[in-house]
Amino acid sequence: MAKKAAIVTLLLITLGAGGISAQERADGELPARVATHHAIGLGDRRLEYDAIAETLPLTDAKGTTNATVFTIAYLTAAPGRERPVSFVFNGGPGAASVFLHLGALGPQVMETPANGTVPGPPVRLVDNPATWLGFTDLVFVDPVGTGFSRGKGKEENPDKPFWDMRADITSLGTVIRLWLTRHERWASPIFLVGESYGGFRAATLAQALPRDVGVTVNGLVLLSPALDLSALHQDERDLLAAAFFLPSFAATAAIYAPRLDRDRAGVERFALSDYLVGLAGLKGEPPPGDPFITKVADIAGLSEDIVRRHRGRIPRHVFAHEIRRTAGEVVSLYDSTVIRPARPDERDDDAADPVLQPAVAAYGAAFNAYAADALGYRTDLAYRVLSTEISRQWNWQGDRRGDGLGLAMSSLETALLQHPATKVLIANGRYDLVTPYLSSRWLVDQLGVPPGLRAGIRLRVYEGGHMMYMRPDSRRLLARDAADLYGAPNAAAPSQ
């Protein structure tokens, strides 16, 4: 289970919000509901919307509240109108929804440079011309233990009962049901948007919601999704896991050595064919000059000695330390075009990832300022951006099914067969060394659905990494493709 937790295991940074206001309860409870009105310019039109920050109660079998879940909704439609509503989750498990909220979809985003690096403090929020609010209402959900969402009870850790694959899906389904009821939006088309483990959540909910809540999902947008947890582990027996990373290694190598004019399609074909055969045929440590090792080293941009030492299966953390070793730099697993200086002795190099940890701090600071200043939501409770405690203690049991597919892919397959009109967009970053883009493509190919259904699944690869939307150009392209997926007659795609 430790390996699964490491897929997208990150770092907890908690940042307190602003001072106490009249809207904060004297007993320390969160404000139940705070609504504000706003407007944003989208192209040549002005879009007015309400922002509603609220908590929703979860109850146990006896009707006792055992958790409150924090949501932020952006609404432009009156109750009962048939405008799409999108429920948005991040991953981890242990991440709040702030990354997609203030990074990609919301009406305001953290300003980032063209190359998607994390800006230095103080961060700045700006209007988002690529906000999805132009074609869908948005509901950002923080699962229990993240953001302001908390378990309640006498247990030492009342959050922990929700740190379970099945309990997580059940609680999120309840949140969706409660939100639709409170806001009278049962007639609206429902979309699910999830990043990383949030993609796992969204795919699984596509089957669970019709069965458990009575909600049929119209569409899914899965960003850098962790759709099959076993596919992301690199060990001696799982050759496919190694193959999925090879094209991302090659794309990274081409960035740092432009002379390496990569044939992307050729590398992808090699990764899923001759590379697998070559790995399976190795016996012990390959000898110096082995032609298979030479080819893999050339594709990955690494020395033959490194590739031979790892028998052709290049661990991503090894790649991150080796690809820029001669320059004294380490690349990020979350966007391998972003670097930091390396320590002289690699064994002592336990410094933070150059994207992830700075992003957690930046988004945390941005959210705390935004919640207080723009939304008028003030509390002394810490907003948990990302928690390693959750990923360490997560119960992963129940992922596999008898059909060979993991829970997410099996759920997606069932949802597509039961509701063939379900729309799906899967987006990856080319330089993501956490959830490589080739894994998404291969997993879609394994779905037991008619060819026409499979062909309707839209696969996109953008410039950038795990959070490809941190590059403004990729954020715009993602919004354009999402608007096309939603397909509403009055949908306003982001300005070009």
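Because the structure is predicted, anything quoted here is derived from the model rather than measured. (Residues numbered from 1 in each chain as written. Predicted model: local features only at pLDDT ≥ 70, side-chain atom pairs only at ≥ 80, totals over all residues. Heavy atoms only, no water.)

### A word on the overall build of the protein
Inference 1: When helices and strands are tallied, the protein shows 16 helices and 16 strands.
Inference 2: The proportion of buried residues among the 496 residues of the protein is 59%.
Inference 3: Nonlocal contacts in the protein, meaning residues at least 24 apart in sequence, comprise 71% of its contacts between residues at least 6 apart.
Inference 4: Roughly 19,300 Å² of accessible area belongs to the protein as shown, and the carbon and sulfur atoms make up 51% of that amount. (Helix = DSSP H or I, 4+ residues; strand = E, 2+ residues; numbered from the N terminus. Buried < 20%, exposed > 50% of the residue type's maximum accessible area, 1.4 Å probe, protein only. Contact = heavy atoms within 4.5 Å. Areas by Shrake-Rupley, 256 points an atom, 1.4 Å probe, with all protein chains shown as cover.)

### Let's talk about unusual backbone geometry
Inference 1: Along the chain, glycine 92 connects to proline 93 via a cis peptide bond; the corresponding omega equals -10°.
Inference 2: Even without being glycine, glutamate 184 reaches a positive phi, approximately 55°.
Inference 3: On the secondary structure map, glutamate 184 appears in the loop between helix H3 (165–182) and strand E10 (190–195).
Inference 4: Unusually for a residue other than glycine, serine 196 sits at a positive phi of about 60°.
Inference 5: In this structure, serine 196 sits in the loop between E10 and helix H4 (197–212).
Inference 6: Here serine 196 falls in the buried class, since its relative accessible area comes to 4%.

### Examining the packing of aromatic side chains
Inference 1: For the coordinates displayed, the defined rule picks out 23 aromatic pairs.
Inference 2: Centre to centre, the rings of phenylalanine 244 and tryptophan 442 are 5.6 Å apart; their planes meet at 50°, and the pair counts as tilted. A residue pair is termed long-range when its members are at least 10 positions apart, and phenylalanine 244 in helix H5 (residues 239–256) and tryptophan 442 in helix H14 (residues 437–445) qualify at 198 residues.
Inference 3: Since its relative accessible area comes to 0%, phenylalanine 244 is described here as buried. (Phe/Tyr/Trp six-rings, centres within 6.5 Å; stacked < 30°, edge-to-face > 60°.)

### Topic: the environment of valine 331
Inference 1: Relative to the helices and strands, valine 331 resides in strand E12 (residues 329–331).
Inference 2: The exposure class of valine 331 is buried, given its relative accessible area of 2%.
Inference 3: Note: C-alpha distance between valine 331 and valine 355 (24 residues apart in sequence) is 9.1 Å.
Inference 4: Residues within four places of valine 331 in sequence aside, it is in contact with Tyr256, Ala320, Ile323, Arg324, Ser336, Val338, Ile339 and Pro354.

### Describing the pairing of strand E15 (residues 423–429)
Inference 1: Of all seven residues making up E15, six are buried, and the element is well covered by its neighbours.
Inference 2: Pairing geometry for E15 and strand E16 (residues 458–462), over five bridges, is parallel. Each residue of the ladder has a partner; that of alanine 427, found in E16, is arginine 460. (Pairing = 2+ DSSP bridges.)

### Looking at the side chain of aspartate 164
Inference 1: By secondary structure assignment, the location of aspartate 164 is in the loop between strand E9 (150–151) and H3.
Inference 2: No salt bridge is formed by the buried aspartate 164; its nearest oppositely charged neighbour, arginine 166, is found at 6.4 Å.
Inference 3: In this structure the side chain of aspartate 164 is engaged in a polar contact, spanning 2.9 Å, whose partner is the backbone nitrogen of arginine 166.
Inference 4: In this view, aspartate 164 contacts Trp394 and Asn395; residues no more than four positions away in its chain are not counted. (Lys, Arg positive; Asp, Glu negative; His and termini not counted. Salt bridge = Lys/Arg side-chain N within 4 Å of Asp/Glu carboxyl O. Polar contact = N/O pair within 3.5 Å; in protein donor to acceptor, adjacent residues only side chain to side chain.)

### Considering the pattern of salt bridges
Inference 1: For the coordinates displayed, the defined rule picks out 18 salt bridges.
Inference 2: One continuous salt-bridge network, built from bridges that share partners, spans Arg83, Asp137 and Arg185.

### What to know about the nonpolar core
Grouped burial of nonpolar side chains is what soluble globular proteins tend to show.
Inference 1: With 98 residues, the main nonpolar core has Tyr74 and Trp132 as its most contacted residues.
Inference 2: Filtering out sequence-adjacent residues up to four positions away, tryptophan 132 remains in contact with Leu105, Leu138, Val193, Val221, Leu478, Ala479, Ala482 and Tyr486.
Inference 3: Counting 58 residues, the second-largest nonpolar core is a separate cluster that includes Leu180, Ala206, Leu209 and Leu416. (Core = buried A, V, L, I, M, F, W, Y, C linked by side-chain atoms within 4.5 Å.)

### Quick look at the environment of valine 217
Inference 1: As for its position among the elements, valine 217 is in the loop between H4 and strand E11 (219–223).
Inference 2: With a relative accessible area of 5%, valine 217 lands in the buried category.
Inference 3: Through-space distance from the C-alpha of valine 217 to that of phenylalanine 191 is 5.9 Å; in sequence the pair is 26 residues apart.
Inference 4: Excluding its chain neighbours within four sequence positions, the residues that come into contact with valine 217 are Ile190, Leu192, Ala206, Leu209 and Thr422.

### Some thoughts on helix H6 (residues 264–271)
Inference 1: Every buried residue of H6 is listed here: Gly266, Val267, Glu268, Phe270 and Ala271.
Inference 2: Each element contacted by the buried residues of H6 is listed here: H5, helix H7 (274–281), helix H8 (291–300) and H14.

### Focus: helix H11 (residues 356–373)
Inference 1: In this model, H11 (18 residues) spans 25 Å end to end at C-alpha, consistent with the 26 Å of a helix rising 1.5 Å per residue.
Inference 2: Counting buried residues in H11 gives 13 out of 18 residues, a clear majority hidden from the surface. (Expected span 1.5 Å × (residues − 1).)

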